[in-house]
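# Observations on the model geometry
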Amino acid sequence: METINLDFALNGKRVSREGIPGNMMLVDFLREELGLTGTKFCCGIAVCRVCTVSVARVEGAHEEAVRSCTTPVGDINGHYVTTVEGLEGNGVLHPLQQAFLENFSFQCGYCCPGFLMASYALLDSLKRQPIPAEKVDEAIEDAVGQHVCRCTGYVRYHKAIRQVIEETPGLVT
Ligand code: FES
Ligand code: FES
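What comes next is a walk through the structure. Residue positions are given per chain, counted from 1 along the sequence in the order it is written. Naming scheme: in the order in which they are written, chains are lettered from A and ligands are numbered from 1. Residues qualify for local features only when their pLDDT is at least 70, as the model is predicted, and side-chain atom pairs are given and counted only at 80 or more; totals for whole chains, interfaces and linings, by contrast, use all residues.

### Section: the environment of Gln163
Convention followed: We count a stretch as a helix when DSSP gives it H or I for four or more residues in a row; a strand needs E for two or more, and each element gets its number in order from the N terminus.
Mapped onto the secondary structure, Gln163 falls in helix H5 (residues 154-167). When the C-alpha atoms of Gln163 and Pro95 are compared, they prove to be 9.6 Å apart, with 68 residues separating the residues in sequence.

Written out as structure tokens, the structure is:
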């Protein structure tokens, strides 16, 4: 089997590994090689989006929601990956995490990391290009509308994301 050498940034720290199978998917690398089990696995075929992480192709570039179950590790070589473990800082939850808690957005929580990372990429997009208030619902739907929650927490996720967008200065024109 072909192996590759990996070197990329993960949650602000450099990760280097040699001899990783080139066909290993990012979700497996995160969970099995690095023990970062915050990123979940479910369908494995890019449908449910539970495995979503955020990737910036170069440092400071826009964040992109990426399904790690169908992304070979080689595809993120040299890039900047953020997973749910990278959201909290110095013991303080990210505003999205706090809002999801306050709004009781999740029940079992299995889908939550995927919703978080897609919303994280959405916030980054809005920071770069704010939108009119009347477009916020549409933007949220575009970002997380295809994420599956078997506990059907969609409305409360939507409400929490909207709350963060409204409370964060500069995202809405
Ligand atoms: S596990 Fe379902 S989209 Fe990745
Ligand atoms: S909270 Fe259980 S799957 Fe979404």
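### What about the packing of helix H4 (residues 136-144) against H5?
To be explicit about the condition: Under this scheme, a helix contributes an axis fitted over its contacting stretch, all axes are lines through C-alpha atoms, and angles between N-to-C directions fall in the 0 to 180 degree range. Each angle is binned into one of four classes, with values under 35 degrees roughly parallel, values over 145 roughly antiparallel, values of 65 to 115 roughly perpendicular, and all other values oblique. By convention, the crossing between two helices is left-handed when the near helix turns anticlockwise from the far helix through less than a right angle, and right-handed when the turn is clockwise. Contact criterion: two residues are in contact if their C-beta atoms, reconstructed from the backbone, are within 7 Å. Polarity classes work like this: nonpolar for Ala, Val, Leu, Ile, Met, Phe, Trp, Tyr, Cys and Pro, charged for Asp, Glu, Lys and Arg, and polar for all others, with Gly in that last group.
Packing of H4 against H5 leaves a shortest axis separation of 10 Å and a crossing angle of 125°. Our classification of the angle between H4 and H5 gives oblique. Read as a crossing pair, H4 and H5 show a hand that is right-handed. Across from Val136, Ile140 and Val144 in H4, the residues of H5 making contact are Tyr157, His158, Ile161, Arg162 and Ile165. For the contact of H4 with H5, the residue count by class is 6 nonpolar, 1 polar and 1 charged.

### Here we look at the nonpolar core
Note the following rule: For this analysis, nonpolar core means a set of buried Ala, Val, Leu, Ile, Met, Phe, Trp, Tyr and Cys residues linked through C-beta atoms within 7 Å. Neighbour counting defines burial: a residue surrounded by 20 or more other C-beta atoms within 10 Å of its own C-beta is buried, one with 12 or fewer is exposed, and intermediate counts give partly exposed, using backbone-placed C-beta atoms. Where each domain starts and ends follows an automatic or database-derived domain assignment.
Formed by 44 residues in total, the largest nonpolar core has its most connected members in Leu26, Phe115, Leu116, Met117, Ala118, Val144 and Ile161. At the level of secondary structure, the elements contributing two or more residues to this core comprise strand E1 (3-10), helix H1 (26-33), strand E3 (52-56), strand E4 (64-67), helix H2 (95-102), helix H3 (112-128), H4 and H5. Top contributing element to this core by residue count: H3, with 9 residues. For this core, the two domains that each supply at least three residues are domain 1 (3-86) and domain 2 (95-167). The residues touching Val144, leaving out its near neighbours within four places in the chain, are Phe115, Ala118, Ser119, Tyr157 and Ile161.

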